[in-house]
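Residues per chain, in single letters:
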Amino acid sequence: MTTNVDAIVVGGGIHGCSTALHLCLAGMKPVLIEKDYAGRHASGVNAGGVRQLARHVPEIPLSIRSMEIWEKISELVDDDCSFESYGQVLVAENEDELAACRARVAELNALGFVHEELIDATELRRLVPAAADTCPGGVVSRRDGAANPAQTTTAFRRKAEQLGATVCEGAAATNIRHSDGLWHVDVGDRSYAAPVLVNAAGAWAGSIAAALGEPVPVETVAPMLMITSRVPHFIDPVVILRGRKLSFKQFKNGTVLIGGGHLATPYQDRNETVLDWKSLATSARTVFELFPVMRDATIMRAWAGIEAKTMDDLPVFGPSARHKGLYHQFGFSLHGFQLGPGAGAVMAELIVNGGTQTRIGDLGIDRFHPSTL
Amino acid sequence: MFKRSEQDKRPPVEIFVDGTAITAQQGDTVSAALLASGRDVRRSTAVSGAPRLPYCMMGVCFDCLVTIDGVGNRQGCLVPVAEGMQIEIQKGKREIGR
Amino acid sequence: MTFAPKREDYDVVVIGAGPAGLAAAATSAEAGLSTLLLDENIGPGGQVYRAIASTPVIERNQLGADYWVGADLVQALRASNAEIIQRATVWSLDRNLEIAVSVGGASAFVKARRVIVATGALERPFPIPGWTLPGVMTAGAAQTMLKSSALVPDGRTVIAGQGPLLWLLAAQILRLGGRINRILDTTERGNYFAALPRAFAFLTSPYFAKGLAMMREVRAKVQVVPGVTELAASGDGQLASVSYVAGGKREAIPTDLLLLHQGVVPNVNLAMAAGVEHRWDDLQLCWSPVLDQNGNSSVAGIAIAGDGAGIGGAGAAVVRGRIAARAAAEALAPAAAAKLPPMAALRGDLVKAERGRIFLDTLFRPARQFRIPSGDTIVCRCEEIAAKDILDAVAIGATGPNQLKAYRRAGMGPCQGRLCGLTVTELMAQARGKTPQEIGYYRLRAPVKPITLAELAAVPKSEADVKAVVRG
């Protein structure tokens, strides 16, 4: 039996859930299809960074748009998502790195972006007292912060459902096809048809795009994270490094999350990852050097979420270059969580209004395929 | 709560609990020695501060967490006592970087 | 003294030196395979033969003949060429058969051609009101103290629950001069009828006569209250009183020490973290790995032996250890395997050792109210999360233990769900009208035991790092 809906969203990550929610707010009735459960992969298990800091220029407008939503997240999803805004700090470990920071902030200022601010050693020490005292400064984005990713993705999913979205979890979208002006998708023994299809399937989105004739250079990656036992509060902002792979965040409950992009081996077909402890040891060494107070904290757990990374580290976001009614929203390349709320809002505008005020032009799939539409 | 059997002929070992000397027997785990000492050795949890004592004594419950020779969050039920060992009962979240 | 593993590669690595691990390592070494046995405890023996090489309990009859069987296993192992490391905590095992082990505060990585996981069992959670109070422990905890330190309960002591271990512990405490004020038996009356059709096999098993004699010995000295249907511990920061209902009558008794026990369940953490598939066992009410008849799991190269393969007791564990090791030898050194006892004989031994098990499982199947708590009763001891908190999360959309993480930190504390996982699965299954199999279990992650950041920072660098340094 085929059910007609207004839009089919494939993928129950933060992006699919946010798009479904914003489509509902625009008066549409979407169906959200998730092969496992919402937030099962990267969206539910990432570092939770809500970061405008250190982004690629083409995605900064989307990030700023998203930040406005994050700051009122409770109003949107009736859940605070454990969002905290103590800023994010990028630490320069030497003068060369600080010079690069200075150049970066100047570049952004010239483009009219003012969210990144150069800081000296004194301000760094004020923001991050525990940082090793050899660090000469860095960059801060003061409105940034962090949220609980599983809580957030689940909240978006729940709110979308409350507003009328149909949520199908536990069965994959298969047999995706276009006929009679509608997109058709099978889910188990049911079928859905809609004029709009959003491909927000994360690590599984690349194969959907390829099957629809729009292959994209995208790989499946699984960035690793580890978390410590509860320790007394010692740091507020999220810290990332300019020169080495590290992100660092202490939650309200005292646990400290250590990430930064070292990769596990993904086994996508089994929903599994195998951790690379030697790389995690590198993260541990970095923390050991940068935050001496952390040396005898205990590592409780490590994991990795499966997601898609593009060749140029930019998402594939916007309408298809080949098919009417098809939209892509994937390939966020390890930094898609913060973008989720804004990307859903913009995607709904693209679908409902046919355009958006938010500058996303450099993110389209047409950078890989000239438009044939 | 517990008493030692008279047949126990193992040599004594002196350890220190929050600075106070207590006598254990060689082969005791830290947790067993603490429970046998008759002292108040309740830790308090990092979450609510609730008092706890060891529960499983076999390494699975983590209610025996204790600081041993300066290293925190050790499972006291898995570590044998050693002469002169310094034990601290953990209260709340364990301080790091002292 | 503890030492790091001598080599980086072994034919067989056995994890756990209980009955299964001792037998597996000895068999593997006997076949000439390079064999490493890693065990977390101070000495070999696991839980059932705890402190077998060091117990201060000299009078052998106090611990019973079944205990001293362990000494032969240890002797056989020590006579073999197997490398044995005690106080070695395995904190990671993956499907590439890479093992991370912490010894004396430093971690090493070893690789195996075959891994035999013999991590045994742990006591089933017994989440009654007040079970986190100081003064409430597991029966196994008291038995561990008794075996390894000759410590016995001294204050006002109550033992509550059911199962063979409970009676064995009571007998041992009494023999060593310890005190037991009352035993509260929670065995459901209906279980006796349910178990009856299985009684014949049990009557012909070695457990029967021994069990009966032990119960007689205990009953002669301690008041035993049968048919206990409710149980709660209370006190202000320390256990003061145990209240219970038996035969519809409520009673409260002042208590210093409450020992709880309602059977044992497989300790699944390491195997699950390695990706081994487990299924819900409806009779034993726990997760058991999916295994072939040689103990091989769903992950190539990883076998599971002993109670971690499904509860079977010490006798069965020994045989399962030998079977898994023989299967490893058949794969790695067929000529040497031929000299080991034939598989057919081992399978015969296993049938014998498992006789009566279904009767015990049926008779001592714990009652629902002692497995599935309600209201303010703590479910997750580490994060201090109550049954009602979990039900609240279910009400707003949590569908399983992993989805629960969006709302609550159940299972995310240091014990990694060992003391709450079964409870959470059954609680959510009941609330959602699903089977435990449908609800599932926590996705477990390494490190399966916490390690310090400094210890991780000190592990040898990866080849990629070394190259980066060389390149300058």
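Look up: the structure comes first, before these words.
The present account deals with the structure reproduced in this document. (Residues numbered from 1 in each chain as written. Chains lettered and ligands numbered in written order. Predicted model: local features only at pLDDT ≥ 70, side-chain atom pairs only at ≥ 80, totals over all residues. Heavy atoms only, no water.)

**Remarks on helix 10 (residues 340-353) of chain A**
Residue and element names in this part refer to chain A.
Inference 1: The end-to-end C-alpha distance of helix 10 is 19 Å, a good match for the 20 Å that 14 residues give at a rise of 1.5 Å each.
Inference 2: Among the 14 residues that make up helix 10, 11 are buried, leaving the element largely enclosed by the rest of the structure.
Inference 3: Regarding helix 10, the residues found buried are Gly340, Pro341, Gly342, Ala343, Gly344, Ala345, Val346, Met347, Ala348, Leu350 and Ile351.
Inference 4: Taken from the residues just after helix 10, glycine 354 is the one with a positive phi, measuring 80°. (Helix = DSSP H or I, 4+ residues; strand = E, 2+ residues; numbered from the N terminus. Expected span 1.5 Å × (residues − 1). Buried < 20%, exposed > 50% of the residue type's maximum accessible area, 1.4 Å probe, protein only.)

**Structural notes on the interface of chain C and chain B**
Inference 1: On the chain B side, the residues contacting the 52 residues of chain C number 40 residues.
Inference 2: Surface buried jointly by chain C and chain B totals about 3,700 Å² across both partners, of which 60% is contributed by carbon and sulfur atoms.
Inference 3: In this structure, the connection of chain C to chain B is made through one salt bridge.
Inference 4: Aspartate 63 of chain B is the partner of arginine 381 of chain C in a salt bridge, and the nearest nitrogen-oxygen pair spans 2.7 Å.
Inference 5: Between the two partners, chain C and chain B, sit 18 residue pairs in polar contact (both at pLDDT 80 or more).
Inference 6: Those elements that provide at least two residues to the side of chain C that touches chain B are strand 7 (121-123), strand 8 (136-138), helix 4 (139-149), strand 9 (151-153) and strand 16 (257-262) of chain C.
Inference 7: Looking at which element gives the most residues to the side of chain C that touches chain B, the answer is helix 4 of chain C, with six residues.
Inference 8: Broken down by class, the residue content of the side of chain C that touches chain B amounts to 25 nonpolar, 16 polar and 11 charged. (Contact = heavy atoms within 4.5 Å. Buried area = accessible area lost by both parts, 1.4 Å probe. Salt bridge = Lys/Arg side-chain N within 4 Å of Asp/Glu carboxyl O. Polar contact = N/O pair within 3.5 Å; in protein donor to acceptor, adjacent residues only side chain to side chain. Nonpolar A, V, L, I, M, F, W, Y, C, P; charged D, E, K, R; others polar.)

**Let's talk about the packing of aromatic side chains**
Inference 1: A complete count under the given rule lists 15 aromatic pairs over all chains for this structure.
Inference 2: Here tryptophan 70 of chain A and phenylalanine 337 of chain A contribute two aromatic rings whose centre-to-centre distance is 5.4 Å and whose plane-to-plane angle is 55°, an arrangement assigned as tilted. Placement of tryptophan 70 of chain A in helix 3 (residues 60-70) and of phenylalanine 337 of chain A in the loop between strand 23 (326-330) and helix 10 is noted, with a sequence separation of 267 residues between them. A single burial state applies to tryptophan 70 of chain A and to phenylalanine 337 of chain A, both of which are buried.
Inference 3: Look at tryptophan 277 of chain A and tryptophan 91 of chain C: their rings are 4.6 Å apart centre to centre, the planes differ by 85°, and that puts the pair in the edge-to-face class. You can see tryptophan 277 of chain A sitting in helix 9 (residues 277-290) and its partner tryptophan 91 of chain C sitting in strand 4 (residues 88-93), one on each of two chains.
Inference 4: Given the relative accessible area of 0%, tryptophan 91 of chain C is considered buried.
Inference 5: Sitting above the plane of the phenylalanine 288 of chain A ring, arginine 295 of chain A keeps its charged end 3.9 Å from the centroid.
Inference 6: Lying over the aromatic face of tyrosine 55 of chain B, arginine 381 of chain C brings its terminal NZ or CZ to 3.9 Å of the ring centre. (Phe/Tyr/Trp six-rings, centres within 6.5 Å; stacked < 30°, edge-to-face > 60°. Lys NZ or Arg CZ within 6 Å of the ring centre and 35° of its normal.)

**Digging into the packing of helix 10 (residues 313-332) of chain C against helix 12 (residues 343-354) of chain C**
All names here are of chain C.
Inference 1: Running from N to C, helix 10 and helix 12 cross one another at 160°; their axes reach a closest spacing of 8 Å. The angle between helix 10 and helix 12 places the two elements in the roughly antiparallel class. Every pair of crossing elements has a handedness; the one defined by helix 10 and helix 12 is left-handed. Contacts between helix 10 and helix 12 involve Gly315, Ala316, Val319, Arg320, Arg322, Ile323, Arg326, Ala327 and Glu330 from the former and Met343, Leu346, Arg347, Asp349, Leu350, Ala353 and Glu354 from the latter.
Inference 2: Here the contact of helix 10 with helix 12 is composed, by residue class, of eight nonpolar, one polar and seven charged. (Axes fitted to C-alpha atoms, helices over the stretch in contact; angles between N-to-C directions. Parallel < 35°, antiparallel > 145°, perpendicular 65-115°, else oblique. Left-handed = near helix turned anticlockwise from the far one by under 90°.)

**Brief notes about the sheet that holds strand 14 (residues 241-246) of chain C**
Residue and element names in this part refer to chain C.
Inference 1: Here three strands make up an open sheet; going across it, the order is 13-14-15 and the pairing antiparallel. The open sheet is flanked by strand 13 (228-234) and strand 15 (249-254), the only strands paired with a single partner. Strand-to-strand twist of the sheet, defined as the mean angle between neighbouring strand axes without regard to direction, takes the value 15°.
Inference 2: Bridge count between strand 14 and strand 15: six bridges; the pairing is antiparallel. Paired with valine 245 across the strands is arginine 250, a residue of strand 15. (Pairing = 2+ DSSP bridges.)

**Describing the interface of chain C and chain A**
Inference 1: Across the boundary between the two partners, chain C contributes 35 residues, which contact 38 residues of chain A.
Inference 2: Of the roughly 3,100 Å² buried between chain C and chain A, counting both surfaces, carbon and sulfur atoms make up 58%.
Inference 3: Contact with chain A buries surface across chain C, with Arg95, Arg445 and Leu453 of chain C losing the most and accounting together for 21% of the total.
Inference 4: Viewed at the interface, chain A and chain C are joined by two salt bridges.
Inference 5: A salt bridge links glutamate 272 of chain A to arginine 95 of chain C; the shortest N-O distance between them is 2.8 Å.
Inference 6: Remark: the boundary between chain C and chain A carries 13 residue pairs in polar contact (both at pLDDT 80 or more).
Inference 7: For the side of chain C that touches chain A, the secondary structure elements donating two or more residues are strand 4, strand 23 (451-452) and helix 18 (453-457) of chain C.

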